[in-house]
Amino acid sequence: MLAAAENALIARLQAHRDVKRLVRTVGTLPKVTSDALLKRYHADAPALYIVPGRFTVADSLATMRFTVAGVVRNVAGQEQARKGDGIDIGCDGLVTLAIRALHDQRVGDCSWRVTGGEMVDEEIFDQAGVAAVEITLESWPVEIGFDYGEAQIAELPSFTRVHADIDIPPQAGSAEHAKWLATPPDYSTSRPDADLDVQLPGAP
């Protein structure tokens with residue numbers, strides 16, 4: 001799940017017209033030591049990296065969260081690195097590109113929103129001649145898939161009947177709908193406007 005989402009986010013950034021034009025490197029955050037990472041940042045900049053994500057689960061729905069890291073060369077000081085100078089893109093420009101490419105967009109199997117971000121204020125970055133910004137990206141909740149094996153599928157009973165209760169406006173409301181779904185259905189205070197009952201081959 002996380003790997004597929006990470007790949008989809010990287011692919012969307014790489015395919016975006018403005019990112020292709022203005023950003024040198026798009027990929028996963030490099031897995032190297034701190035000193036080597038700073039050198040890599042300097043060589044890759046301007047760059048957008050997807051930091052490997054995490055997820056939380058509630059009511060069988062998963063919410064995925066990723067960090068998008070943007071890195072620029074800090075050539076003329078922190079202010080230029082943050083804002084850009086009309087020639088070199090700054091961290092603020094990388095934020096704009098990431099939002100254009102990913103915010104309120106369907107990427108992979110779910111929709112995404114940018115929920116926040118901040119400059120990375122680290123002296124070691126200044127010493128290495130780079131500046132960085134982090135953007136928080138969150139998915140809308142998605143259902144967790146269930147992987148049924150062949151044995152489990154074989155144990156499922158045959159699908160032989162379809163029943164639907166149809167309620168047209170003004171609708172009876174959720175409380176009445178719950179009564180209709182009871183076993184047996186409770187039609188004491190209301191009834192569906194119409195119903196559909198289809199017997200499929202193999203039905204008793």
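Look up: the structure comes first, before these words.
Residues numbered from 1 in each chain as written. Predicted model: local features only at pLDDT ≥ 70, side-chain atom pairs only at ≥ 80, totals over all residues. Heavy atoms only, no water.

Caption draft 1: Fine view of the overall build of the protein. Along the backbone of the protein there are eight helices and nine strands. Across the 204 residues in the protein, those meeting the buried criterion constitute 33%. Entry remark: accessible area of the protein is about 12800 Å², with carbon and sulfur atoms responsible for 53%. (Helix = DSSP H or I, 4+ residues; strand = E, 2+ residues; numbered from the N terminus. Buried < 20%, exposed > 50% of the residue type's maximum accessible area, 1.4 Å probe, protein only. Areas by Shrake-Rupley, 256 points an atom, 1.4 Å probe, with all protein chains shown as cover.)

Caption draft 2: Spotlight on the pattern of salt bridges. Evaluation of the coordinates by the stated rule reveals six salt bridges. The partner of Arg100 in a salt bridge is Asp18, with the nearest N and O atoms 3.4 Å apart. Remark: Asp18 occurs in helix 2 (residues 17-22) and Arg100 occurs in helix 5 (residues 91-102); sequence separation between them is 82 residues. Of the charged contacts, one joins Lys179 and Glu176 as a salt bridge, the two residues approaching to 3.5 Å between their closest N and O atoms. (Salt bridge = Lys/Arg side-chain N within 4 Å of Asp/Glu carboxyl O.)

Caption draft 3: Representation of the packing of helix 1 (residues 2-15) against helix 5 in the model. Two elements in contact, helix 1 and helix 5, have axes separated by 9 Å at closest approach and are oriented at 110 degrees. When the axes of helix 1 and helix 5 are compared, the pair comes out roughly perpendicular. The handedness of the crossing between helix 1 and helix 5 comes out as right-handed. Residues Leu9, Arg12 and Leu13 of helix 1 touch helix 5, and the partners they reach there are Ala98, Ala101 and Leu102. In terms of residue class, the contact of helix 1 with helix 5 is made up of five nonpolar, no polar and one charged. (Axes fitted to C-alpha atoms, helices over the stretch in contact; angles between N-to-C directions. Parallel < 35°, antiparallel > 145°, perpendicular 65-115°, else oblique. Left-handed = near helix turned anticlockwise from the far one by under 90°. Contact = heavy atoms within 4.5 Å. Nonpolar A, V, L, I, M, F, W, Y, C, P; charged D, E, K, R; others polar.)

Caption draft 4: Region of interest: the packing of aromatic side chains. Per the stated rule, a full pass over the model turns up one aromatic pair. With 5.8 Å between their ring centres and 65 degrees between their planes, Phe66 and Trp112 make a pair best called edge-to-face. Taken as a pair, Phe66 in strand 3 (residues 61-73) and Trp112 in strand 5 (residues 110-120) lie far apart in primary sequence, 46 residues in all. The ring centre of Tyr187 lies 4.2 Å from the NZ or CZ of Arg191, which sits over that ring. (Phe/Tyr/Trp six-rings, centres within 6.5 Å; stacked < 30°, edge-to-face > 60°. Lys NZ or Arg CZ within 6 Å of the ring centre and 35° of its normal.)

Caption draft 5: Seen up close, helix 5. In this model, helix 5 (twelve residues) spans 16 Å end to end at C-alpha, consistent with the 16 Å of a helix rising 1.5 Å per residue. Turning to helix 5, its buried residues number three or more, namely Cys91, Leu94, Leu97, Ala98, Ala101 and Leu102. The buried side chains of helix 5 occupy one side of the element, clustering within an arc of 115 degrees when seen end-on. (Expected span 1.5 Å × (residues − 1). Arc of directions from axis to C-beta.)

Caption draft 6: Structural context of a nonpolar patch on the surface. On the surface, a cluster of nonpolar side chains totalling about 350 Å² of accessible area is made up of Met1, Phe55, Val57 and Ile144. When you line up the elements, Ile144 lands in the loop between strand 7 (142-143) and helix 7 (150-155). A relative accessible area of 32% means that Ile144 is categorised as partly exposed. (Patch = residues over 30% accessible without salt bridge, like charges linked within 9 Å, V, L, I, M, F, W, Y side chains within 5 Å.)

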